[in-house]
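Topology and contacts: notes
Each chain, written out:
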Amino acid sequence: MTTLEIFIPFWGPPELFTQTVNSVLAQSDGDWRLTVLDDHYPDVAPGRWVESLDDPRISYVRHPVNIGITENYREAVRRSTSDHLVLLGCDDLLHPNYVEVVKRVARAVPDADVIAPGVTVIDEHGHEILPLADRVKQKILTPRGAGIAVLRGERMATSLIRGDWLYWPALAFRTQTLRATPFRDGLPIIQDLAVLMDIAFADGSLAFTPTTAFSYRRYGGSASQRTLVDGSRFRDERRFYRDAAEAADKRGWRRTARTARLRILSRLHAATEIPALLRHRSRAGLDSALAHVFAP
């Protein structure tokens, strides 16, 4: 495996962003390159701080205009020159062993298109939390066992469409795989699942190690929370699950198609959000969640 390339598409709280960059600097394996893709954040101070680090492994790019997260992902893939890349969230944290763990899995499963380490969940203050959705992910959906789990093709697709148990910013991708898997427009929140399912439908593979190497930050002001309130989250999910079922039918993957149509955990997720949507008095969000629970 060549040097691991880490990209940070930046738009967010500067104080969390500096923690993210420092977590890269703290890696036990220093064979990495970091590129910060500043999506024209209004405050230029975070960029000046990055440039002041004066580390030859770190590059800083500020876009002249805001291009959005999906286009920033595409820009990262275009700029990558290494075998593997990471699209690191600008508020998440690498543990000091992250690069070491990714390289170990890459050596053990050299054809893996996606490498996923174990993840902890933290709030905006850095405290470990485990909300219901993450308990389901980690206690029910994540593969069991102490060793590396490898999922390919139909097995990967069925596992992920049952419930997306992965954490997108924690994943290391084979660069050529992402180049062959276009990011979709119109799916800003479930873009990660769409890309992963497209990789599975192309007979790709996922290697998961339970070794914890990443902290995923979850807090109320995130984009995913806002799309629950405006109703777009579950509208997008229904459309995506329908498309996934049709794609599975074409491949003859009956189990994947059936799981996509039932979308049991996705319905349960919508049901658990109903009390919060009632508190928000969000009519659009509530109608979308109810439709998601009950629509065939």
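Whatever comes next refers back to the structure up there.
Residues numbered from 1 in each chain as written. Predicted model: local features only at pLDDT ≥ 70, side-chain atom pairs only at ≥ 80, totals over all residues. Heavy atoms only, no water.

This part takes up helix α1 (residues 14–25). For α1, spanning twelve residues, the distance from its first C-alpha to its last is 17 Å, which sits close to the expected 16 Å at 1.5 Å a residue. Among the residues making up α1, those that are buried are L16, F17, T20, V21, S23 and V24. Along the axis of α1, the buried residues cluster in a sector spanning 155°; they form a single face. Looking at the packing, one finds that the buried side of α1 touches β1 (4–10), β2 (32–38), α2 (45–52), β5 (93–94) and β10 (205–217). (Helix = DSSP H or I, 4+ residues; strand = E, 2+ residues; numbered from the N terminus. Expected span 1.5 Å × (residues − 1). Buried < 20%, exposed > 50% of the residue type's maximum accessible area, 1.4 Å probe, protein only. Arc of directions from axis to C-beta. Contact = heavy atoms within 4.5 Å.)

Quick look at the pairing of β10 now. Burial analysis of β10 places ten of its 13 residues in the buried class, which makes it a mostly covered element. For strand β6 (residues 114–122) and β10, the ladder comprises eight bridges, and the chain directions are parallel. Bridging from a neighbouring strand, T120 pairs with S215 of β10. Pairing of strand β8 (residues 149–152) with β10 involves four bridges; the strand directions are antiparallel. (Pairing = 2+ DSSP bridges.)

Quick look at the layout of surface pockets now. Counted as a void, the second largest pocket has a volume near 260 Å³. In terms of lining residues, the second largest pocket is bounded by 18 residues, among which G118, V119, Q138, T142 and F208 are the most central. Elements supplying a minimum of two residues to the lining of the second largest pocket: β6, α5 (132–141) and β10. Counting residues per element, the lining of the second largest pocket draws most heavily on β6, which supplies four residues. For the lining of the second largest pocket, the residue count by class is eleven nonpolar, five polar and two charged. (1 Å grid on protein atoms, 1.4 Å probe; cavity = no way out; pocket = protein on both sides within 12 Å on 5 of 7 lines; lining within 4 Å. Points joined across faces, edges and corners; volume = space filled by probe spheres on them. Nonpolar A, V, L, I, M, F, W, Y, C, P; charged D, E, K, R; others polar.)

Such coordinate-based values are descriptive only and should not be taken to indicate function.
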